[in-house]
Amino acid sequence: MDPDRAGWVVNQGDPIELKVTPDRFLTVRYAGASGDFNPIHIDEDFAKQVGLPGRILHGLWTMAQVARAVTDAAGGPDKLKRLSVQFRGMGQLDEEIVVSGTVTTADGAAATIEAEAAQSGNRIIRNAVAEVTL
């Protein structure tokens, strides 16, 4: 949706979608922003030593992409009133993440959106439910 558009209209059944590809420097930048310097996010060798395929995305960054998809649809970050998610997988760097969902209820003043985030066929966030004001 166009953020300059006045009067957002969100209807039951409307789809939402956001595609984003985390670059190889994202976890280092996000560690600095979030204060989460767990080495599984910033040290490739350490991540492999503990059995991971390499550095993995911060779960909260992935959740933020779900919030971004929802708030883009609703008209801005100030519209988000509640968000719950289930973390179900590890996100990888340099692979596209697709957040997709559907507006399940809408009454003109508020809406509920159900969503998930997937990467390479893996649903890394499931059962996301957001409540937004319109």
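Residues numbered from 1 in each chain as written. Predicted model: local features only at pLDDT ≥ 70, side-chain atom pairs only at ≥ 80, totals over all residues. Heavy atoms only, no water.

1. A short note on the environment of Ser34
Reasoning step 1: Secondary-structure assignment places Ser34 in helix H1 (residues 26–34).
Reasoning step 2: Assessed through its relative accessible area of 36%, Ser34 is described here as partly exposed.
Reasoning step 3: Measuring from C-alpha to C-alpha, the distance between Ser34 and Ala67 comes to 16 Å, with 33 residues separating the pair along the chain.
Reasoning step 4: In this structure the side chain of Ser34 is engaged in a polar contact, spanning 3.1 Å, whose partner is the backbone nitrogen of Asp36. (Helix = DSSP H or I, 4+ residues; strand = E, 2+ residues; numbered from the N terminus. Buried < 20%, exposed > 50% of the residue type's maximum accessible area, 1.4 Å probe, protein only. Polar contact = N/O pair within 3.5 Å; in protein donor to acceptor, adjacent residues only side chain to side chain.)

2. Some words on H1
Reasoning step 1: Leu26, Thr27 and Ala31 are the residues of H1 that are buried. Angularly, the buried residues of H1 cover 130° about the axis, an arc narrow enough to put them on a single face. Those residues of H1 that are exposed and angled more than 90 degrees off the buried face are Gly32 and Ala33.
Reasoning step 2: Where H1 is buried, its residues contact helix H2 (39–42) and helix H4 (59–74).
Reasoning step 3: Two residues or fewer past H1, Gly35 is found with a positive phi of approximately 80°. (Arc of directions from axis to C-beta. Contact = heavy atoms within 4.5 Å.)

3. Some thoughts on H4
Reasoning step 1: The end-to-end C-alpha distance of H4, which contains 16 residues, comes to 23 Å, matching closely the 22 Å that a straight helix rising 1.5 Å per residue would cover.
Reasoning step 2: Within H4, the full set of buried residues consists of Trp61, Thr62, Gln65, Val66, Ala67, Ala69, Val70, Thr71, Ala73 and Ala74.
Reasoning step 3: Buried residues along H4 sit in contact with strand S1 (15–20), H1, strand S2 (80–87), strand S3 (97–106), strand S4 (110–119) and strand S5 (122–133).
Reasoning step 4: Gly75 lies just past H4 and shows a positive phi near 115°. (Expected span 1.5 Å × (residues − 1).)

4. With respect to the nonpolar core
Reasoning step 1: Core analysis: the biggest nonpolar cluster contains 26 residues, and Ile16, Val66, Ile97, Val99 and Ala117 have the highest contact counts within it.
Reasoning step 2: Once residues lying within four places of it in the same chain are set aside, the contact partners of Val66 are Leu83, Val99, Ala115, Ala117, Ile125 and Ala128. (Core = buried A, V, L, I, M, F, W, Y, C linked by side-chain atoms within 4.5 Å.)

5. Quick look at unusual backbone geometry
Reasoning step 1: Residues other than glycine seldom take positive phi values, yet Ser120 does so here, at roughly 50°.
Reasoning step 2: Along the polypeptide, Ser120 turns up in the loop between S4 and S5.
Reasoning step 3: When its relative accessible area of 57% is taken as the criterion, Ser120 is described as exposed.
Reasoning step 4: Phi at Asn127 takes a positive value of approximately 50°, unusual for a residue other than glycine.

6. Some points on the pattern of salt bridges
Reasoning step 1: A full pass over the atoms with the stated rule returns five salt bridges.
Reasoning step 2: Across the pair Arg29 and Asp23 runs a salt bridge, and its minimum N-O distance is 3.0 Å.
Reasoning step 3: Overall, the relative accessible area of 31% leaves Asp23 in the partly exposed class.
Reasoning step 4: For Arg123, the salt bridge is made with Glu116, and the minimal N-O distance between the two is 3.0 Å.
Reasoning step 5: The exposure class assigned to Glu116 is partly exposed, which follows from its relative accessible area of 24%.
Reasoning step 6: Several salt bridges share partner residues, and in doing so they unite Glu44, Lys48 and Arg55 into one network. (Salt bridge = Lys/Arg side-chain N within 4 Å of Asp/Glu carboxyl O.)

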